[in-house]
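Spelled out, the chains give:
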Amino acid sequence: MNIDFLIDNFADLSVTGLAQGAIYALVALGYTLVYGVLRLINFAHSEVFVTGTFATILTLRGIGIGPDDPVPSLLMVLLTLVLASIVAALSSGAVALLVERVAYRPLRRRNAPPLVFLISAVGASLVLMEIYALFLGRDNVRVGNLIKPRTQFTVFGADVTNRQILIVVSAVLMMVVLDSFISRTRLGRGVRAVSQNPDAAALMGVNKDRVIALTFLLGGLMAGVAAVLYDLNFGVTKFSAGFLIGLKAFTAAVLGGIGNLRGALLGGLLLGLAENWGQALLGSAWRDVIAFVFLIVVLMFRPTGILGESLGRARV
Amino acid sequence: MALLEITDLSVHYGRVRAVHEVSLTVAEGEIVTLIGANGAGKTTTMRALSGLQPVSSGRIHFDGEDITHLRADLRVIRGISQAPEGRGIFPGMSVRDNLDMGAYARRDRHLTRAADLERVFTLFPRLKERSRQAGGTLSGGEQQMLTIGRALMARPRLLLLDEPSMGLAPMLIGQIFEILQEINEQGTTILLVEQNAHRALSVADRAYILETGSIVATGTGSALLDDPSVRAAYLGVA
């Protein structure tokens, strides 16, 4: 136990944790959205995320930015980030839609029991992972330098870098957009209706298939943006990178209360913080253990998560 | 021509036969009721009509169109709206949002919503008082009003009502049935499923009696009210 280290670096650890947590939160939205309408954990969502990490790199290479190139001009960086976000979001969204079509919709037609959906989910996840391994290799793929971390300001002695600001701001922005889409638009109300009472939603004229496809698409778009931020933050990805972040995002979703959009944000940030505080305390080898201890404890003592179902309006 | 025409409708849950060769018609402007004991197949018939339950055999025609296998949401667009039995509301949405969901399928909802809301609030002043409250916090009776009001927001040509009196206090039941007659007089055709046979037969133009999945009697509401065997079986009068 290294309590002194934790105390001395508390602010720094917290800032790093928030940036990572914001990424978890964006990925967690995909689990929570799909769970909301289908009561299904889409285990292939981790590969939907990985799609975005590779789409980002392919976009960079496409416009001629290699892994060892120096940081381009600010204007170029901004344009690149916008372009990469669009490409990654669309790629992840497309893969999410494909997963729904191929792995789940045929099962819904046959009224398959929940366990079959779960098996199909794991299967889809493995198939996608191996496809990426086949075409992009099994080694780490380096992203390249887009942002040179530079301290912008200091809070409670913690240096906050431009990269961290960018990550947290983009993630929160995406979540605000999603939240208002779900609560304000007609299609969003359709999503909420299906999640609260599928039969009654059909009686209102809501096309359930379209709503389900929409939740996969939205989850995919969020995962795509998360993937860009992930690439920025860690600078490297891999065909199997989705496994760990997928499980952590799933933990974040459960922690906040699965099916609850604001819960995903809360769960993601908390998990990011806990991981960083925990690894300072126990050593970095314990980092991943912390997330899963969290998952087990939440499932044992409060399976509905922190916000749970109490926030009726915030539920999808 | 009948607005709704059901011909030899059968529905199965797995191997269990729930509805067997049921035929019935509802003409434009009528109130028709389908009465029967618990488990007679009333709710199953309703679910088949609104497309929630697949049909094993038989046909359903609405306004001349075969809708037997039409998707549920498309039936709403055709003008069939159902107030489902029991807790058919959206518990996490406000009363107001629940009512708005009723107009989900209408293209002209922006033009008609204010007038339709006003109409529902006139019929059910209670809903107006509670309009900001989450649907799940309403009492059973208020939830019942909400499902009926929500179905009206769709401006249906045919309103399907599943057990609107279930679990309500007698005074409230009287109110609901008065409101149903009012809605009908305003031009909505109604198919009403009820266990409360006396009330249902009193307001209905015509009625069908369902027993273990089959129709065993039909006639005008008043004729069935006077029928000795119906009185004995459904009205508790010897």
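For the structure, see preceding data.
Residues numbered from 1 in each chain as written. Chains lettered and ligands numbered in written order. Predicted model: local features only at pLDDT ≥ 70, side-chain atom pairs only at ≥ 80, totals over all residues. Heavy atoms only, no water.

Participant: Which residues make up the overall build of chain A, and what values go with them?
Facilitator: A count of helices and strands for chain A gives twelve helices and four strands. Against the 2.2 N^0.38 benchmark of 20 Å for 316 residues, chain A shows a C-alpha radius of gyration of 19 Å, consistent with a compact globule. Along the first, second and third principal axes, the C-alpha atoms of chain A reach 55 × 45 × 35 Å. A separation of at least 24 residues holds for 79% of the contacts in chain A among residues at least 6 apart in sequence. Surface summary for chain A: the accessible area is close to 13,800 Å², and the carbon and sulfur share equals 68%. (Helix = DSSP H or I, 4+ residues; strand = E, 2+ residues; numbered from the N terminus. Rg over C-alpha atoms; globule rule 2.2 N^0.38 Å. Contact = heavy atoms within 4.5 Å. Areas by Shrake-Rupley, 256 points an atom, 1.4 Å probe, with all protein chains shown as cover.)

Participant: Give a description of the overall build of chain B that names residues and reports values.
Facilitator: Counting secondary structure elements, chain B contains ten helices and ten strands. Relative to the globule expectation of 18 Å for 238 residues, the C-alpha radius of gyration of chain B, 17 Å, shows essentially globular dimensions. Seen through its principal axes, chain B has C-alpha atoms that stretch 45 × 40 × 35 Å. Considering chain B as a whole, with its 238 residues, one finds that 55% of them fall into the buried category. Element-wise, carbon and sulfur atoms account for 49% of the exposed surface of chain B, whose accessible area totals about 10,100 Å². Charge-centre separation for chain B: the mean point of 25 positive side chains lies 7 Å from the mean point of 27 negative side chains. (Buried < 20%, exposed > 50% of the residue type's maximum accessible area, 1.4 Å probe, protein only. Lys, Arg positive; Asp, Glu negative; His and termini not counted. Charge placed at Lys NZ, Arg CZ, Asp CG, Glu CD.)

Participant: So what's going on with the packing of helix α3 (residues 45-62) of chain A against helix α10 (residues 241-256) of chain A? Which residues, and what values?
Facilitator: Residue and element names in this part refer to chain A. In the contact formed by α3 and α10, the axes pass within 8 Å of each other and the chain directions differ by 125 degrees. Taken as axis vectors, α3 and α10 run oblique relative to one another. Two packed elements cross with a definite hand, and for α3 against α10 that hand is right-handed. Residues Ser46, Glu47, Phe49 and Val50 of α3 lie in contact with α10, whose contacting residues are Ala241, Gly242, Phe243, Ile245 and Gly246. For the contact of α3 with α10, the class distribution of residues is five nonpolar, three polar and one charged. (Axes fitted to C-alpha atoms, helices over the stretch in contact; angles between N-to-C directions. Parallel < 35°, antiparallel > 145°, perpendicular 65-115°, else oblique. Left-handed = near helix turned anticlockwise from the far one by under 90°. Nonpolar A, V, L, I, M, F, W, Y, C, P; charged D, E, K, R; others polar.)

Participant: I'd like to hear about the pattern of salt bridges, residue by residue, with values.
Facilitator: Residue and element names in this part refer to chain B. Evaluated as defined, the whole model comprises 23 salt bridges over all chains. For Arg78, the salt bridge identified is with Glu65, shortest N-O distance 2.8 Å. Here Arg78 is found in helix α2 (residues 72-78), whereas its partner Glu65 is found in strand β5 (residues 65-66), with 13 residues between them in sequence. Residue Glu65 is classed as partly exposed on the basis of its relative accessible area, which comes to 31%. (Salt bridge = Lys/Arg side-chain N within 4 Å of Asp/Glu carboxyl O.)

Participant: Can you break down the sheet that holds strand β7 (residues 158-162) of chain B residue by residue, with the values?
Facilitator: Residues and elements named next belong to chain B. On the basis of which strands lie adjacent, the open sheet formed by six strands has the order β6-β7-β8-β3-β9-β10 and mixed pairing. With one partner strand each, in any of the chains shown, β6 (80-83) and β10 (214-220) form the two edges of the open sheet. Ignoring strand direction, the axes of neighbouring strands in this sheet form an average angle of 15 degrees. One ladder, built from four bridges, connects β6 with β7; its direction is parallel. Note that in β7 the partner of Gln82 across the bridge is Leu160. On top of the sheet, helix α1 (residues 42-50) reaches β3 (31-35), β6, β7, β8 (189-194) and β9 (206-211); it is set at about 150 degrees to β7, its chief contact. (Pairing = 2+ DSSP bridges.)

Participant: Break down the nonpolar core for me, with residues and values.
Facilitator: Leu26(A) and Phe49(A) are the most contacted members of the largest nonpolar core, which has 84 residues in total. Ranked by the residues each element gives to this core, the list is headed by helix α2 (residues 10-38) of chain A, at 14 residues. Filtering out sequence-adjacent residues up to four positions away, Leu26(A) remains in contact with Ala171(A), Met174(A), Met175(A), Met222(A), Ala223(A), Val225(A), Ala226(A) and Leu229(A). Counting 44 residues, the second-largest nonpolar core is a separate cluster that includes Ile89(B), Ala103(B), Leu159(B) and Leu172(B). (Core = buried A, V, L, I, M, F, W, Y, C linked by side-chain atoms within 4.5 Å.)

Participant: Describe the packing of helix α3 (residues 95-102) of chain B against helix α6 (residues 140-152) of chain B, and please don't skip the residues or the numbers.
Facilitator: All names here are of chain B. The contact between α3 and α6 brings their axes to 7 Å, and the two run at 40 degrees. Note that α3 runs across α6; the crossing there is right-handed. Judged by residue contacts, Val95, Asn98, Leu99 and Gly102 of α3 engage Leu146, Gly149 and Arg150 from α6.

Participant: Tell me about the interface of chain A and chain B, residues and numbers included.
Facilitator: Listed per partner, the contact involves 19 residues of chain A and 25 residues of chain B. Where chain A abuts chain B, roughly 2,100 Å² becomes buried across the two surfaces, and 57% of that area is made up of carbon and sulfur atoms. Taken together, the links from chain A to chain B amount to one salt bridge. Arg47(B) serves as the salt-bridge partner of Asp199(A), at 3.0 Å between the closest nitrogen and oxygen. The interface formed by chain A and chain B contains five residue pairs in polar contact (both at pLDDT 80 or more). When contributions to the side of chain A that touches chain B are tallied by element, the ones reaching two or more residues are α7 (186-196) and α8 (198-203) of chain A. If one sorts the elements of the side of chain A that touches chain B by residue count, α7(A) sits on top with seven residues. Residues belonging to the side of chain A that touches chain B are distributed by class as follows: eight nonpolar, six polar and five charged. (Buried area = accessible area lost by both parts, 1.4 Å probe. Polar contact = N/O pair within 3.5 Å; in protein donor to acceptor, adjacent residues only side chain to side chain.)

Participant: Lay out helix α7 (residues 170-185) of chain B in plain terms, naming residues and giving numbers.
Facilitator: Residue and element names in this part refer to chain B. An ideal rise of 1.5 Å per residue puts 22 Å on 16 residues; α7 measures up with 23 Å between its terminal C-alpha atoms. All of the buried residues in α7 are Leu172, Ile173, Gly174, Ile176, Phe177, Ile179, Leu180, Ile183 and Asn184. Contact partners of the buried residues in α7: β3, α4 (109-123), α6, β7, β8 and α8 (197-203). (Expected span 1.5 Å × (residues − 1).)

Participant: Summarise α10(A); cite the residues concerned and give the values.
Facilitator: Residues and elements named next belong to chain A. For α10, built from 16 residues, the straight-helix expectation of 22 Å at 1.5 Å per residue is met to within 8% by its first-to-last C-alpha distance of 23 Å. Of all 16 residues in α10, 13 are buried; the element is thus mostly enclosed. Trailing α10 by a residue or two, Gly257 shows a phi angle of about 115 degrees, which is positive.

By themselves, these are just geometric observations and shouldn't be taken as functional.
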